[in-house]
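Geometric and topological summary
So you can see what is in the structure, the chains are spelled out below.
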Amino acid sequence: MWMSCGFFSEAAPAGSSPPVKAQNKEVILLSAEQKQKILIVDDSELNRAILADMLDDEYEIIEAENGLQGVGLLQQQGVEISLVLLDIVMPQMDGFGVLEVMAQNRWIEDIPVIMISAETGSSHIERAYELGVTDFISRPFDALIVHRRVVNTIMLYAKQKRLANMVADQIYENEQRSSLLIDILSHIVEFRNGESGLHVLNVRTLTELMLNHLVQKTDHYHLSPSDISTICTASALHDIGKISIDEKILNKPGRFTDEEFAVMKTHSMAGAEMLENLPIHQDDPLVKVAYDICRWHHERWDGRGYPDGLHGDEIPIAAQIVALADVYDALTSKRCYKDSFSHEKAVEMILAGQCGTFNPLLMECLQELAPDLPALMSGSNSVAQRDRREMRNVAQEMRRHEELTASERTLQLLEHERMKYSFFADMSKEIQFEYTVSPPMITLSNWGAEHLGLEEIIMDPMHQPEAQSIMEDIDFQNLTDALRSTSPELPVVTYDCKLNYKGAWRWTQIVARATWSSDEPPRYTGAIGKAIDIHDSRMKLSALERMASHDALTGLLNHAYAKKRILERIETRPVASYALVIFDLDHFKAANDTYGHSFGDKVLVHLAEKLRQCIRGGDIAARAGGDEFLIFLEYKDEVETVISRIFQALCGQFEHFPISVSMGVALTSAVPGGYDALFHAADAALYTVKRGGRGQYRFYDDTMRETLSVISPIEDGESAHQK
Amino acid sequence: MTLQECYTAMGGNYDDAIGRLRSERLVQKFVLKFLNDGSYDLLCRSLEEKNYEEAFRAAHTIKGVCQNLSIDRLQESSSRLCESLRNGYTPQADALAEEVRVDYAQTVAAIQAFQKESAG
């Protein structure tokens, strides 16, 4: 019925859309401060532009030129996106791919998708619906249809979220707008009727005044404030059935013939039927009350009204009151068939029963209200009163929805947190990342993406060459394995490796936290984390390490560090045979005295170089202090040849200074008891050589047990005497 | 040349476009924009490189754009080409591509003529 009425067809082309509610909601959407966001995913810029043009007055439009980008934006902005318009055939990832990702992540439950495509095969459409699209529009599309379906879909989803988003100003707006809309509809009826348009407002105001007065007198009718509000709103629709009455009869100046009156009387039933035939909203209290009012606002208390001849309280109270208000306003207004009566005259006529019999209780109300009625009806007061009532309703709603407004606040807090996060992420100069297993995707912080020379969103990073070039495969594998083997209780992993910063490989520490689902058993869903460039500090550290472990003059290990290495070596292969060699330069003091200390240093550097040349890679050579040096080597069968070769190699000449060394050797096979014992033994052997005339090497034997030490006391060799 | 005459010249349906897009301003805006749409270049390039998957998508995009703007003649030929490439290359594709080239040239010529006159 509604659809057939000329003035609705423009507003509701999509067939099933609910005209009144739809319009109403749309107004609210428009009035919301923040525009809702629509994501358009289409590979043709022109197609996106056409769609954007249709919608960008009312909505904020964001665009993606392929499915991958679309998924990225969905990942980023989530439910901030109110609707997705999705093409099917696109490069990178097609529309079905996007839907699959949305289904996997359950985004499709919160974000409606309308598919728009030139594909018209029913298998495509079927598949789209199976994957959860709300609607399918085929090209070429009609601007109005696209617009309407977008509005309807957003409304449908908005309805679900409505409670969550309920805030005071919206409720307030809502009530005002819905009254406004109904007023507009009723005015259309009135204009057709040749009336002033004030009739609806007056009936509404008087209905409200009567109802408020009635509930003060009696609670017989169990009217809550919200019932009153509904009745007042619905009162505006009382004459809607007049739309079906021929204009010639409707606007006839003189008296009706019996036939004409019979036609005229059909308007109450016609209005009721319109409401009854509404395809939806049958259970809406507003529709139910409006039905009562339309059908029975010409019934009378004594049963002499029409169309059903109901008696007394068989007539719903809403219809009784609207009937009275209707009569009062008809009397006080000028009509095509009569002049207006004064307020006093009108009240008098009604009370006298000249316009039919009314509920005695309502007559009392009218009598009591009568003195103030002209002032109350004059407008400003009734509006003020309405506002007060609406404010009261808002307050009640707010109390009822406390938990929901709390969640609204939570959303704001979340928004705030996110702003804070992205600010600090930019400030911190760290690479921050989020990795999800399904869909396989890495999201990088803005700064991070820039420094690695990557996109912020990387789909399928395992098969994306740019992403792969950032990290060695083995490191990626190790890191992934480490994350997967965490648990929800201990989810954090720290991993050091080199990353490729636009061609420069730098040491980086990755600290990541695996994310686990709350299922039982928990599923690994990805990770969040950051990568910190530790290259400089790591380089500095290794320089410091080198400084601490090496002798500055010769570049050989120092004694302490050599000892550490020797102990490690013995520990790793305790059964092998080792030799510890200690030697010093003969007559070194004389060289220093004769040629100066810098010459002495040159001799030491020369000797160190010789030493380096004559030992094997695995041997350990160190400057033990002063002019004493140390060699630690592993041997298999025979050791003397090796020692002799080293000894010969070290001797020689440096700038006219003859180099001769004295050398003591201790073998692990002969000296049990660990490093300290070994060192002491080599030292004793050296002492024996010194005492026996220098320029030789000797192996330790038991005869040297009580021998004194050469090296004692020297700083680095201190440990040799702690026994 | 009016926009309506431009439509006649390019074998389009002016009334349908206005009926669906609801305003002459909008139709004119997007018809002019059609000149800058890169899908045709992409189509030619993809065909040259024998990248038929890309060519399919490009033809599909042209078809979609033409549908939106009721440029029927080019829409029909691009649609036929599109179908001939849906599952990879077929021998008919070459002739169909030639049709698209002819129709595209006519369409662009009509829009350019319209653009020139409406600007001048």
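1. Focus: the overall build of chain A
Assigned secondary structure in chain A consists of 28 helices and 19 strands. Taking all 723 residues of chain A together, the buried fraction comes to 49%. Considering only intrachain contacts with a sequence separation of at least 6, the fraction spanning at least 24 residues in chain A is 61%. Accessible surface computed for chain A: about 35,500 Å², of which carbon and sulfur atoms make up 53%.

2. Some words on the overall build of chain B
Regarding its fold elements, chain B presents seven helices and zero strands. Counting from the amino terminus, chain B carries its helices and strands in the arrangement α-α-α-α-α-α-α. Buried positions account for 49% of the 120 residues belonging to chain B. Across chain B, contacts joining residues at least 24 apart in sequence account for 60% of those joining residues at least 6 apart. Counting only carbon and sulfur atoms, one obtains 48% of the accessible surface of chain B, whose full area is about 5,600 Å².

3. With respect to the environment of Ile315(A)
All names here are of chain A. Topologically, Ile315 is positioned in the loop between α13 (285–296) and α14 (317–332). For Ile315, a relative accessible area of 3% gives the class buried. Separated by 22 residues in sequence, Ile315 and Ile293 place their C-alpha atoms 9.4 Å apart. Here Ile315 is in contact with Trp296, Glu299, Arg300, Trp301, Leu310 and Gln320, once residues within four sequence places are set aside.

4. Considering the interface of chain B and chain A
Across the contact, 22 residues belong to chain B and 22 residues belong to chain A. Taken together, both faces of the contact between chain B and chain A bury some 1,900 Å²; the carbon and sulfur share is 57%. The tally of links from chain B across to chain A stands at four salt bridges. With a shortest N-O distance of 2.9 Å, Asp142(A) and Arg22(B) are connected by a salt bridge. Run the count over chain B and chain A and you get six residue pairs in polar contact (both at pLDDT 80 or more). Those elements giving two or more residues to the side of chain B that touches chain A turn out to be α2 (14–21), α3 (24–34) and α5 (52–69) of chain B. For the side of chain B that touches chain A, the element with the most residues is α5(B), which contributes ten residues.

5. Quick notes on the packing of aromatic side chains
Residues and elements named next belong to chain A. According to the stated counting rule, one finds 17 aromatic pairs over all chains in the structure shown. Seen from the ring of Phe96, Arg127 lies directly overhead, with NZ or CZ sitting 4.1 Å from the centre. Here the guanidinium or amino end of Arg538 rests over the ring plane of Trp507, the centre of that ring lying 3.7 Å away.

6. Focus on the sheet that holds strand β10 (residues 504–516) of chain A
All names here are of chain A. Taken in spatial order, the six strands line up as β8-β7-β6-β11-β10-β9 in an open sheet, and their pairing is antiparallel. Both outer strands of the open sheet, β8 (457–459) and β9 (492–501), are each paired with one neighbouring strand and no more. On average, each strand axis in the sheet is inclined to that of its neighbour by 25°, with strand direction left out of account. In terms of strand pairing, β10 meets strand β11 (residues 524–533) through nine bridges, oriented antiparallel.

7. Quick look at the pairing of β11(A)
Sheet topology note: the strand β6 (residues 431–436) of chain A/β11(A) ladder contains six bridges and is antiparallel. Paired with Glu434(A) across the two strands is Ile528(A), which belongs to β11(A).

8. Remarks on unusual backbone geometry
Of note, the bond from Tyr306(A) into Pro307(A) is cis; its omega dihedral lies within 30 degrees of zero at 5°. We note that Lys50(B) has phi near 55°; this positive angle belongs to a residue other than glycine. Looking at the secondary structure, you find Lys50(B) in the loop between α4 (39–48) and α5.

9. Quick notes on the confidence of the model for chain A
Residues and elements named next belong to chain A. Looking at chain A, pLDDT values average 79 and 80% of them are 70 or higher. Below pLDDT 50 for its whole length, residues 1–32 participates in 61 contacts with residues either more than four positions away or in separate chains. Taken together, the stretch residues 380–385 has pLDDT below 50 and engages in six contacts with residues farther than four places along the chain or on a different chain.

10. So, the nonpolar core
Among the nonpolar cores identified, the biggest contains 92 residues, and Ile38(A), Val84(A), Leu85(A), Val150(A), Phe34(B), Leu43(B) and Leu69(B) are the most heavily contacted of them. Setting aside residues no more than four positions away along its own chain, Leu43(B) makes contact with Ala55(B), Ala58(B), Ala59(B), Ile62(B), Leu81(B) and Val100(B). Among the nonpolar cores identified, the runner-up in size contains 53 residues, and Leu206(A), Ile240(A), Leu275(A) and Ile350(A) belong to it.

Thresholds applied
- The numbers attached to residues start from 1 for each chain and follow its sequence in the written order.
- Working convention: letters from A go to chains and numbers from 1 go to ligands, in the order in which they are written.
- With pLDDT at 70 or above as the cut-off, local features in this predicted model cover only qualifying residues; side-chain atom pairs require 80 or more to be listed or tallied, and sums for whole chains, interfaces and linings still use all residues.
- As a rule here, side-chain values come from all non-hydrogen atoms in the structure, and water together with hydrogens is ignored.
- By definition, any uninterrupted DSSP run of H or I lasting at least four residues is a helix, any uninterrupted run of E lasting at least two residues is a strand, and each is numbered from the N terminus.
- The buried label goes to any residue with under 20% of its type's maximum accessible area, the exposed label to any with over 50%, and the partly exposed label to all in between, with areas taken from a 1.4 Å probe on protein chains only.
- Contacts between residues were defined by any pair of non-hydrogen atoms, one from each residue, lying within 4.5 Å.
- Methods summary: accessible areas were calculated by the Shrake-Rupley approach with a probe of 1.4 Å, and residue burial reflects only the protein chains presented.
- By buried area we mean the combined loss of accessible area, with a 1.4 Å probe, across both parts when two parts are placed together.
- One speaks of a salt bridge when a side-chain nitrogen belonging to Lys or Arg is within 4 Å of a carboxyl oxygen belonging to Asp or Glu.
- Throughout this description, a polar contact denotes any pair of N or O atoms lying within 3.5 Å of each other; where both atoms belong to protein, one of them has to be capable of donating a hydrogen while the other can accept it, and for residues adjacent in sequence the pair is counted only when both atoms sit in side chains.
- Pairing of aromatic rings covers Phe, Tyr and Trp, the last through its six-membered ring, and needs centres within 6.5 Å; plane angles under 30 degrees mean stacked, over 60 mean edge-to-face, and all others mean tilted.
- Both a distance and an angle decide whether a charge sits over a ring: NZ of Lys or CZ of Arg must be within 6 Å of the ring centre and within 35 degrees of the ring normal.
- A pair of strands is considered paired only if DSSP assigns at least 2 bridges between the two.
- Axes here refer to lines fitted to C-alpha atoms; in helices the fit is confined to the stretch in contact. Angles between the N-to-C directions go from 0 to 180 degrees.
- A residue's pLDDT is the predictor's confidence in that residue, given on a scale from 0 to 100.
- Definition of nonpolar core: a set of buried residues of the types Ala, Val, Leu, Ile, Met, Phe, Trp, Tyr and Cys, connected through side-chain atoms within 4.5 Å.

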